[in-house]
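What the coordinates show
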Amino acid sequence: MNAQFEHILSQVKKPARYTGGEWNSIRKDWDQTEIKTVFAFPDVYEVGMSHLGLHILYNIVNNRQDALMERVFAPWPDMAEQMREHNLPLFALESQRPIKQFDLIAFTLQYEMSFTNILYMLDLADIPLLSRDRNKDHPLVIAGGPCAFNPEPLADYIDLFAIGEGEDVINELLDLLLAEKQKRHKKDEFLRRAVEINGIYVPSLYEASYDVNGVFSGLRPTHPDVPQRITKRVIKDLDAAPFPLKPVVPITAAVHDRMMIEVFRGCTRGCRFCQAGIIYRPVREKKPETVLRQAAGLVKNTGFDEISLTSLSSSDYTPILQVIRALGKEHAGRGVNVSLPSLRADHFSMELAKEVQKVRRSSLTFAPEAGTQRLRDVINKGVTEGDLMETVGAAFKEGWQAVKLYFMIGLPTETDDDVAGIAQLARKVLKLGRQNGVSPRRLKVTASVASFIPKPHTVFQWEPQERLENLRLKQEALLSQTRERGLALNYHDADLSFIEAVFARGDRRLGSVLAKAVTLGCIFDGWSEHFDIDLWLEAFNQAGIDPAAYAYRRYNYEDPLPWDHIDAGVSKQYLILEHKRALAGTVTPDCRSGDCPGCGLCPTLEIEPFYAGGEL
Ligand code: SF4
């Protein structure tokens, strides 16, 4: 570490974010390795290091002889200031080399509000922001992750997007990159070849069109051999998929400072607001022996004292109880706790909760999402008030004192009664706590209320977001209805949810807004201390774009959608049918119970439907 760098580190918060050298980090011989890639997480180190996808791809690429992968995170503003002052371009942690020296920079898109950080990082790296301004002497800039299912707002900045799961496609891309590099082919030639790989979208090979009123009217390939639609990639066998048993152990406390084992991927519960439930379909479970083998490896190689069994709904993992008991037997003696991200409000979860709390008790989290049964049926949440009360009651009897409840406001068809239902349900849970003898000093019920955001590829993708002024009125109403000891209400910033909705439903014209927003100082927008709605509105104003036209637009079924060229595997007919069932308040059961409601995914991907064997 040179003196200048040491000086800079002494000037910034959490300097360990920038040093690298962690346990299990891999530093390969630069000159002996042909392909140099860097995984770029558009947020701070502590957030990025908790992202399982980073560890999975890092492991896959570094297991190749001909490639290396290093890591880079968004530097906190104090570090960026030092870097600009000392002309230090953004660097990767392992080799401390400027990322502009790498062949490929792979951004993950986990959250629309991290988009500005991508431009901020490219700027700090002294790399031209626009894809068209970069040639073969610049790194290839690619992106993947959930937000790539509507890649259009970033189309000007990203050379190619990988749609769906990355485990296989990353190797196919690197094989092509190696071959093209040896032939010294130009960037455009590489991109033309890249679209032959399933799941790859190259925005520069498509043209967007707008009608006379400036409304998006379609996107078409500019070359006959370029695919009309890009179908997501899916890993069929998770047991065989590479999994990092020696993940890099964070050098400073990460947001999730624990081992993460993905027990299954996908969810078919069918919540109609949920994008993950569509883009990660179908359900693929790992065998219990795979999970136990991976846990043993992680305990040996990381020193963490907690194993988190992750998925979209871990209590739905068929052998969950068996696995938790086996893990407890194997590792409890070493003080290793097993945790589950959140639990469904049903009796089975209580059995689970009792198992996982044997080593250390944590608060319980349930997500009823809506305050009334009518609205829970509209969103197909599949949880009744009875389920929730029975489960929470059992939890209080078992000694739990803190319960967190997730809700949303602004959902389609929502009435004031539904909003009031949120406060009523939270107060009923509080009362249940008292009735079960929880001491008033310790009893804590937290209602966390998000604002509904209509996301692409969901049943509610055609629905507008609730207007800001109405969301604020509903938040105020909830505040006044939850003034009670032991009851806490927190809600998401409605302005932030508004901008998130704009970029979730946006087209490529939003690219110009992003550049202006960064110039105005919009970075780390996911952090409340940094998010500034006035700067955003100024950026939209300067770009001559009305954000409300994106957030508040109600689409008709026949309207072209900016993300129609991305195929999540679920048919539009199925989403339309489900939307009509939602408006009728009709629920659709989870297909793991054996009845396939025909979302179209299994036939599209030639995959056997997952059958959980009986009631879920
Ligand atoms: S095709 Fe049927 S079984 Fe397969 S994921 Fe869709 S709804 Fe479930």
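Here is what the cut-offs are and how they apply
Residues numbered from 1 in each chain as written. Predicted model: local features only at pLDDT ≥ 70, side-chain atom pairs only at ≥ 80, totals over all residues. Heavy atoms only, no water. Domains from an automatic or database assignment. Contact = heavy atoms within 4.5 Å. Buried area = accessible area lost by both parts, 1.4 Å probe. Salt bridge = Lys/Arg side-chain N within 4 Å of Asp/Glu carboxyl O. Polar contact = N/O pair within 3.5 Å; in protein donor to acceptor, adjacent residues only side chain to side chain. Nonpolar A, V, L, I, M, F, W, Y, C, P; charged D, E, K, R; others polar. Axes fitted to C-alpha atoms, helices over the stretch in contact; angles between N-to-C directions. Helix = DSSP H or I, 4+ residues; strand = E, 2+ residues; numbered from the N terminus. Parallel < 35°, antiparallel > 145°, perpendicular 65-115°, else oblique. Left-handed = near helix turned anticlockwise from the far one by under 90°. Buried < 20%, exposed > 50% of the residue type's maximum accessible area, 1.4 Å probe, protein only. Pairing = 2+ DSSP bridges. Core = buried A, V, L, I, M, F, W, Y, C linked by side-chain atoms within 4.5 Å. Near = heavy atom within 4 Å. Phe/Tyr/Trp six-rings, centres within 6.5 Å; stacked < 30°, edge-to-face > 60°. Lys NZ or Arg CZ within 6 Å of the ring centre and 35° of its normal.

The next subject is the domain arrangement of the protein. One can read the domain layout of the protein as domain 1 (3–231), domain 2 (363–502) and domain 3 (566–605). Each partner contributes residues to the interface: domain 2 has 11 residues there, and domain 3 has 13 residues. Summing both partners gives a buried area of about 1100 Å² for domain 2 against domain 3, and 67% of it is carried by carbon and sulfur. Area buried by domain 2 at its contact with domain 3 is led by H457, V459 and W462, which between them contribute 47% of it. Inspection of the region where domain 2 meets domain 3 yields 0 salt bridges. Our count for the contact surface shared by domain 2 and domain 3 stands at 2 residue pairs in polar contact (both at pLDDT 80 or more). Considered class by class, the residues forming the side of domain 2 that touches domain 3 number 4 nonpolar, 5 polar and 2 charged.

The geometry of helix α17 (residues 510–520) relative to helix α18 (residues 533–543) is characterised by a closest axis approach of 8 Å and an angle of 130° between their N-to-C directions. When the axis of α17 is compared with that of α18, the two are oblique. Our pair here, α17 against α18, has a crossing hand that is right-handed. Where α17 approaches α18, its residues L510, S512, V513, L514, K516, A517 and L520 are matched on the opposing element by L535, W536, E538, A539, F540, Q542 and A543. The class makeup of the residues in the contact of α17 with α18 is 10 nonpolar, 2 polar and 2 charged.

The next point concerns the packing of helix α16 (residues 494–504) against α18. For any two helices packed against each other, the geometry is given by the interaxial angle and the distance between the axes. Viewed as axis vectors pointing N to C, α16 and α18 meet at an angle of 35°, and their least axial separation amounts to 10 Å. Handedness of the crossing formed by α16 with α18: left-handed. Residue-level contacts link D495, I499, V502 and F503 of α16 to I533, W536 and F540 of α18.

A few words on the environment of V44. Residue placement: V44 occurs in the loop between β1 (35–41) and α2 (45–48). The class of V44 is buried, set by a relative accessible area of 0%. In the structure, V44 is positioned 73 residues away from N117 in sequence and 9.9 Å away in space, judged by C-alpha atoms. Those residues within four positions of V44 in sequence are excluded, and the remaining contacts are R17, F73, A74, W76, F524 and W527.

Next up on the list: helix α4 (residues 77–85). Restricting attention to buried positions, one finds in α4 the residues D78, M79, A80, Q82 and M83. Among the structural elements, α1 (3–9) and α5 (115–124) are those in contact with the buried residues of α4. Taken from the residues just after α4, N87 is the one with a positive phi, measuring 50°.

Strand order in the open sheet formed by 4 strands is β15-β16-β17-β18, with parallel pairing between adjacent strands. Every interior strand has two partners, whereas the edge strands, β15 (364–369) and β18 (487–491), have only one. Along the sheet, successive strands turn relative to each other by an average axial angle of 20°, direction set aside. Relative to β18, strand β17 (residues 444–451) runs parallel, the two being bridged by 5 bridges. Each bridged residue has a counterpart across the sheet, and for S448 the counterpart in β18 is N490. Docked against the sheet, helix α14 (residues 416–435) engages β15, β16 (402–409), β17 and β18, running at close to 170° with respect to β16.

In this structure, I99, L160, L309 and W536 are the most contacted members of the largest nonpolar core, which totals 206 residues. The residues touching I99, leaving out its near neighbours within four places in the chain, are V38, V72, L90, F91, A92, I105, A125, I127 and P139.

Following R281, the chain continues into P282 via a peptide bond in cis, with omega recorded as -5°. Its location among the elements puts P282 in the loop between α8 (276–279) and β12 (284–285). Positive phi outside glycine occurs at T413, with the angle close to 70°. Following the sequence through the fold, T413 ends up in the loop between β16 and α14.

The next point concerns the site of the ligand. Neighbouring the ligand are R281, C591, C596, P597, G598, C599, G600, L601, C602 and P609. Class assignment of the residues belonging to the shell around the ligand gives a composition of 7 nonpolar, 2 polar and 1 charged.

The next thing to look at is the sheet that holds β1. Strand pairs in the sheet, formed through backbone hydrogen bonds, run parallel or antiparallel to each other. Read from one edge of the open sheet, 6 strands run β2-β1-β3-β4-β5-β6, paired in mixed fashion. Only two strands of the sheet have a single partner each, and these edge strands are β2 (67–73) and β6 (200–201). When β1 meets β2, the two strands line up parallel, connected through 7 bridges. Its bridge partner being in β2, I35 is matched across the sheet by A67.

Let us look at the packing of aromatic side chains. In total, this model carries 18 aromatic pairs according to the counting rule given. Centre to centre, the rings of F161 and Y201 are 6.0 Å apart; their planes meet at 25°, and the pair counts as stacked. Placement of F161 in strand β5 (residues 160–162) and of Y201 in strand β6 is noted, with a sequence separation of 40 residues between them. Residue F161 is classed as buried on the basis of its relative accessible area of 0%. Under the relative-accessibility criterion, Y201 is labelled buried at 0%. Site record: aromatic cluster; members linked through ring pairs are W76, Y120, F524 and W527. The cationic tip of K36 hangs over the ring face of W30; the distance from NZ or CZ to the ring centre is 5.2 Å. Looking at K286, its charged tip hangs above the ring of F243, at a distance of 4.1 Å from the centre.

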